[in-house]
Amino acid sequence: MSYCVNCGVKLDDTLERCPLCNTPVINPNEITYTQPVPPFPRENGQVETVKNKDVAILYSLVLIAAGAACGLLNLLVFNSSAWSLYVIGICIILWVVAIPVFIYTKLPIYVSLLFDGLSIGLYEYLITFNTPSSRWFYQLALPITAVVTVLAILLAALCRKVSSSFLASALYVFSEIAVLCISIELLIRRFLSKPYLLTWSAVVLTACAIIIVALITMLSRKRLRGAVRRRLHF
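Here the structure is a predicted model, which is why all the values come from computation and not from measurement. (Residues numbered from 1 in each chain as written. Predicted model: local features only at pLDDT ≥ 70, side-chain atom pairs only at ≥ 80, totals over all residues. Heavy atoms only, no water.)

Caption draft 1: How the structure looks around the overall build of the protein chain. From N to C terminus, the protein chain includes 8 helices and 2 strands. When the helices and strands of the protein chain are read in sequence order from the N terminus, they spell out β-β-α-α-α-α-α-α-α-α. A total of 234 residues make up the protein chain; the buried ones form 26% of that total. The contacts of the protein chain with a sequence gap of at least 6 include a subset with a gap of at least 24, amounting to 47%. Total accessible area on the protein chain stands at roughly 16,700 Å², and carbon and sulfur atoms take up 67% of it. (Helix = DSSP H or I, 4+ residues; strand = E, 2+ residues; numbered from the N terminus. Buried < 20%, exposed > 50% of the residue type's maximum accessible area, 1.4 Å probe, protein only. Contact = heavy atoms within 4.5 Å. Areas by Shrake-Rupley, 256 points an atom, 1.4 Å probe, with all protein chains shown as cover.)

Caption draft 2: Structural context of the nonpolar core. In terms of nonpolar packing, the biggest core is built from 8 residues, these being Leu167, Ala170, Leu171, Ala178, Cys208, Ile212, Leu215 and Met218. Within the residue set of this core, elements represented by two or more residues are helix H6 (166-191) and helix H7 (200-220). (Core = buried A, V, L, I, M, F, W, Y, C linked by side-chain atoms within 4.5 Å.)

Caption draft 3: Examining the packing of aromatic side chains more closely. With the rule as written, the count across this model stands at 4 aromatic pairs. Arranged with centres 5.4 Å apart and planes meeting at 80°, the rings of Tyr125 and Phe129 form a pair that is edge-to-face. Here Phe137 and Tyr138 contribute two aromatic rings whose centre-to-centre distance is 4.9 Å and whose plane-to-plane angle is 75°, an arrangement assigned as edge-to-face. Looking at Phe137, the relative accessible area reads 5%, which means it is buried. You can call Tyr138 partly exposed: its relative accessible area is 47%. Taken together, the aromatic side chains of Tyr125, Phe129, Trp136, Phe137 and Tyr138 make up a single cluster linked through ring pairs. In this arrangement the basic side chain of Arg135 is found over the ring face of Phe191, its NZ or CZ atom lying 4.4 Å from the centre. (Phe/Tyr/Trp six-rings, centres within 6.5 Å; stacked < 30°, edge-to-face > 60°. Lys NZ or Arg CZ within 6 Å of the ring centre and 35° of its normal.)

Caption draft 4: Representation of a nonpolar patch on the surface. Taken together, the side chains of Leu72, Leu73, Leu75, Leu76, Val77 and Phe78 present a nonpolar region at the surface, about 640 Å² in accessible area. Along the polypeptide, Val77 turns up in the loop between helix H1 (52-76) and helix H2 (84-97). (Patch = residues over 30% accessible without salt bridge, like charges linked within 9 Å, V, L, I, M, F, W, Y side chains within 5 Å. Salt bridge = Lys/Arg side-chain N within 4 Å of Asp/Glu carboxyl O.)

Caption draft 5: Broad picture of the side chain of Asp116. By the secondary structure assignment, Asp116 is in helix H4 (residues 109-127). Of the side chains bearing the opposite charge, Arg160 lies closest to the buried Asp116, which forms no salt bridge; the N-O distance is 12 Å. Residues within four places of Asp116 in sequence aside, it is in contact with Val96 and Val97. (Lys, Arg positive; Asp, Glu negative; His and termini not counted.)

Caption draft 6: Quick look at H1. In a regular helix each residue adds 1.5 Å, so 25 residues correspond to 36 Å; H1 covers 36 Å between its end C-alpha atoms and thus fits that length. Residues of H1 that are buried: Ala56, Ser60, Leu63, Gly67, Cys70 and Asn74. Summarising the contacts, the buried residues of H1 are in contact with H2 and helix H3 (99-103). (Expected span 1.5 Å × (residues − 1).)

Caption draft 7: Geometry of the side chain of Asn74. Positionally, Asn74 belongs in helix H1. The class for Asn74 is buried, based on a relative accessible area of 8%. Within polar-contact distance, the side chain of Asn74 engages the backbone nitrogen of Trp83 at 3.2 Å. Side-chain polar atoms of Asn74 contact the side chain of Ser84, separated by 2.8 Å. (Polar contact = N/O pair within 3.5 Å; in protein donor to acceptor, adjacent residues only side chain to side chain.)

Caption draft 8: Here's a closer look at the packing of H6 against H7. Taken N-terminus to C-terminus, the directions of H6 and H7 make an angle of 160°; their axes are 9 Å apart at the nearest point. Taken together, the axes of H6 and H7 are roughly antiparallel relative to one another. Here the hand of the crossing between H6 and H7 comes out left-handed. Touching Leu167, Ala168, Ala170, Leu171, Phe174, Ser175, Ile177, Ala178, Cys181, Ile182, Ile184 and Glu185 of H6 are Trp200, Ser201, Ala202, Val204, Leu205, Cys208, Ile211, Ile212, Leu215, Ile216, Met218 and Leu219, all from H7. Here the residues of the contact of H6 with H7 are counted per class, giving 21 nonpolar, 2 polar and 1 charged. (Axes fitted to C-alpha atoms, helices over the stretch in contact; angles between N-to-C directions. Parallel < 35°, antiparallel > 145°, perpendicular 65-115°, else oblique. Left-handed = near helix turned anticlockwise from the far one by under 90°. Nonpolar A, V, L, I, M, F, W, Y, C, P; charged D, E, K, R; others polar.)

Caption draft 9: Representation of unusual backbone geometry in the model. Residue Ser193 is not a glycine yet carries a positive backbone phi of 60°. In this structure, Ser193 sits in the loop between H6 and H7.

Next comes the structure, spelled out in structure tokens:
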């Protein structure tokens, strides 16, 4: 026997509405609870990953197309100068830089840095076709590029083989900055046929020497090194 939830009148089992107040008859035993449908699927969709080989092919074709298009424009339309060599050189550098990323991910960092230096040297050589003389390339640009490449390879070797801590890496960087600045000034003076003297690079050398002495002191004393690390949070 059931009763109306609104007015309390006794109801027959066959009634669907109360004859007095027209309220729908609700049987608690027959109520079914439905779970709401979630707005998002419960399982994550699987997207096929892009392979490095496909990216490398696309990347290479784009660079080849850019270089070839500029070369044809330079040859057939705008042929007053060999300006397309700048674009071709940049495409070569971008392709070489992408070798350890897309093309051959297991390439040693030393070989990668060597290839980067060679590609930059090739780009500088292509520039000589638009300059009246190539003396700047052989006496200035190429030696500076070689020095930077050697220092980059040396930095990578020190970080991998000796120590890669923050203080040790800072010591390597400031030491190489001093060497690089001295090399650049001496090469510039050689190019300009001036005496081999240190001027602005001596200032850089002095500042780097002070920092190097401080870093060596912190690296040689364990307690001081720990105190610096705690205060600088590294």
